[in-house]
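# Chain and residue survey
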Amino acid sequence: MEYFSEIAGNESLKEYFSAHLRGGRLAHAYLFVGPSGSGKTNFALALAAAMACRDTVHRPCGQCGNCRKILRMQCADLTVVTADGEKVKSIKVDAIRRMKEDAEIFPNDLDFRVFLVDDASDMNVQAQNALLKLLEEPPENVFLFLLASDPSRLLPTVLSRVQAFRMERLNRCQMEAYFEKDRQAAAISAQNPVRYRQSLLLAGGSVGRARALFSMTPKQYEADAQVAAMRQAQTVLSMLSGMVRSRTALLAFLQDNVADREQCGLLTERLMAAMHDCMLYKKSCPTENFLFFTEPEEAESVSAGITTARAMHCYERLGALRQRLQANLNLNATLCALTMALYDAE
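About the thresholds
- Residues numbered from 1 in each chain as written.
- Predicted model: local features only at pLDDT ≥ 70, side-chain atom pairs only at ≥ 80, totals over all residues.
- Heavy atoms only, no water.
- Helix = DSSP H or I, 4+ residues; strand = E, 2+ residues; numbered from the N terminus.
- Buried < 20%, exposed > 50% of the residue type's maximum accessible area, 1.4 Å probe, protein only.
- Contact = heavy atoms within 4.5 Å.
- Areas by Shrake-Rupley, 256 points an atom, 1.4 Å probe, with all protein chains shown as cover.
- Pairing = 2+ DSSP bridges.
- Phe/Tyr/Trp six-rings, centres within 6.5 Å; stacked < 30°, edge-to-face > 60°.
- Lys NZ or Arg CZ within 6 Å of the ring centre and 35° of its normal.
- 1 Å grid on protein atoms, 1.4 Å probe; cavity = no way out; pocket = protein on both sides within 12 Å on 5 of 7 lines; lining within 4 Å.
- Points joined across faces, edges and corners; volume = space filled by probe spheres on them.
- Nonpolar A, V, L, I, M, F, W, Y, C, P; charged D, E, K, R; others polar.
- Core = buried A, V, L, I, M, F, W, Y, C linked by side-chain atoms within 4.5 Å.
- Expected span 1.5 Å × (residues − 1).
- Polar contact = N/O pair within 3.5 Å; in protein donor to acceptor, adjacent residues only side chain to side chain.
- pLDDT = per-residue confidence, 0-100.

In this section: the overall build of the chain. A count of helices and strands for the chain gives 17 helices and seven strands. C-alpha atoms of the chain, sized along the principal axes, occupy 70 × 45 × 35 Å. Buried residues in the chain amount to 47% of all 346 residues. Summarising the internal contacts of the chain: among those between residues at least 6 apart in sequence, 71% fall at separations of at least 24. Split by element, the accessible area of the chain, about 17,200 Å² in all, is 49% carbon and sulfur.

Put into structure tokens, the structure is as follows:
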């Protein structure tokens, strides 16, 4: 029996649940952690479908009635709890109380009921406390799948009662394999190969983010904040490794082009990715683990003007700056700190 063949990457996760499905040793509550687009929802639905699948070779098969209903979220025994509210999204206590009442109802289509809470990080304290009773004493045929982008917002009492799994970041090769049969991705690859490769890197291993980038018009793509940060990072790197290596010139460029602290944060992350790649290139590591450069020649060009020690120092200073960005620094002070992080490494 083969499980989860359609899920990209996350090999350890697939192996763990494949073994427990074969042995019939599933727990009643799981927490899947990862940013938006990391595949939490897809995996939780695939797990529920695999539990109900009627196929004897591949589970979930995606073809039997149970699989189709669950994967389309049209199954009577699958309940999805989401946040409400326009300005502040939250899952309130009433939604959890209704879920607890529904958990006592006998299954309809399946032999069990699945409750999927997305995003569990949005539960307020009262909702989390209400969930504790269900986590402690779930009905025998009930399974709870919590999806969380920020598990630090969950109470310790909730975390202690679930088995937590973090979604793995897909590398470039895994992303390319996943989108090999995707029509939209194929069209972008044929029309603009550079954009295709950049989108895979900017997605940061997130299938959902990559799909969003592929769906953008050329104008929308260029206006995207992450794409803008990448373009700015490319200019900064050319200044660092080129003939013009002036702190004043770099600071002037940042002041003219970085509009706010959020954009400065994105630029900092892109520069960290570039320094990461420079260190990998100098150690002759596989390019499939690159986070910034789409081609080895790009890494070679930038790395020629940056020593390994300087790349490491820049990476560390940029990481410290990224943490400081959460403080209420004014924009100009932030840009000065960014300039110092890059040049003090010399």
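Here the focus is the pairing of strand β2 (residues 29–33). The element β2 is extensively covered by neighbouring structure, given that five of its five residues are classed as buried. Where β2 meets strand β7 (residues 163–166), four bridges bridge the pair, whose relative direction is parallel. Residue pairing for β7: Val33 is matched across the bridge by Arg166.

The next subject is the packing of aromatic side chains. By the definition in use, this model includes 20 aromatic pairs. Seen from their ring centres, Phe17 and Phe165 are 5.1 Å apart, and the 55° between their planes marks the pair as tilted. Taken together, the residues Phe17 in helix α1 (residues 11–23) and Phe165 in strand β7 connect sequence positions 148 residues apart. Taken individually, Phe17 and Phe165 each receive the classification buried, so the pair is uniform in this respect. Taken together, Tyr3, Phe4, Tyr16, Phe17, Tyr30, Phe32, Phe43, Phe145 and Phe165 form an aromatic cluster joined through their ring pairs. The ring of Tyr221 has Arg195 lying over it, and the distance from NZ or CZ to the ring centre is 4.4 Å.

Turning our attention to the layout of surface pockets. A volume near 810 Å³ is recorded for the largest pocket. Lining the largest pocket we find 29 residues, and of these Glu6, Ile7, Asn42, Phe43 and Tyr178 sit closest to its centre. Secondary-structure elements contributing two or more residues to the lining of the largest pocket are α2 (40–52) and α10 (207–214). Considering each element in turn, the lining of the largest pocket owes the most residues, six residues, to α2. Grouping the constituent residues of the lining of the largest pocket by class yields 13 nonpolar, 11 polar and five charged. Taken as a whole, the second largest pocket encloses approximately 550 Å³ of empty space. If you go around the second largest pocket, you meet 25 residues; those closest to its centre are Arg169, Ala203, Gly204, Glu269 and Arg270. Of all elements in the fold, only α9 (193–202), α12 (225–241), α14 (261–282) and α16 (308–324) reach the threshold of two or more residues within the lining of the second largest pocket. If you tally residues by element for the lining of the second largest pocket, the top one is α14, at six residues.

Across soluble globular proteins, nonpolar side chains show a tendency to be buried alongside one another. Counting 42 residues, the largest nonpolar core has Leu254, Leu271, Phe293, Leu338 and Leu342 as the members making the most contacts within it. When residues of this core are traced back to their parent elements, those giving at least two are α12, α13 (247–257), α14, α15 (296–303), α16 and α17 (331–343). Core analysis: the next-biggest nonpolar cluster, separate from the first, contains 34 residues, Leu45, Cys64, Ile70 and Phe165 among them.

With 12 residues, helix α5 (residues 125–136) should reach 16 Å at 1.5 Å per residue; the first-to-last C-alpha distance of 17 Å fits that figure. The inward-facing, buried residues of α5 contact β2, α4 (93–103), β6 (142–148) and α6 (156–159). Two to three positions downstream of the cap, the backbone nitrogen of Gln126 sits 3.3 Å from a side-chain oxygen, assigning the N-cap of α5 to Asn124.

This next bit is on the side chain of Asn171. On the secondary structure map, Asn171 appears in the loop between β7 and α7 (172–178). A polar contact is formed between the side chain of Asn171 and the backbone nitrogen of Cys173, at a distance of 3.1 Å. Once residues lying within four places of it in the same chain are set aside, the contact partners of Asn171 are Glu288 and Asn289.

What follows is about the environment of Leu342. Along the chain, Leu342 falls in helix α17. A relative accessible area of 0% means that Leu342 is categorised as buried. Those residues in contact with Leu342 that lie beyond four places of it in its chain are Val236, Leu240, Leu250, Leu271, Arg310, Cys314 and Leu318.

Our next topic: the confidence of the model for the chain. Put simply, the chain has an average pLDDT of 89, and 96% of its residues get 70 or more. Taken element by element, the predicted model of the chain shows its lowest mean pLDDT in strand β1 (residues 2–3) (78) and its highest in β6 (96).

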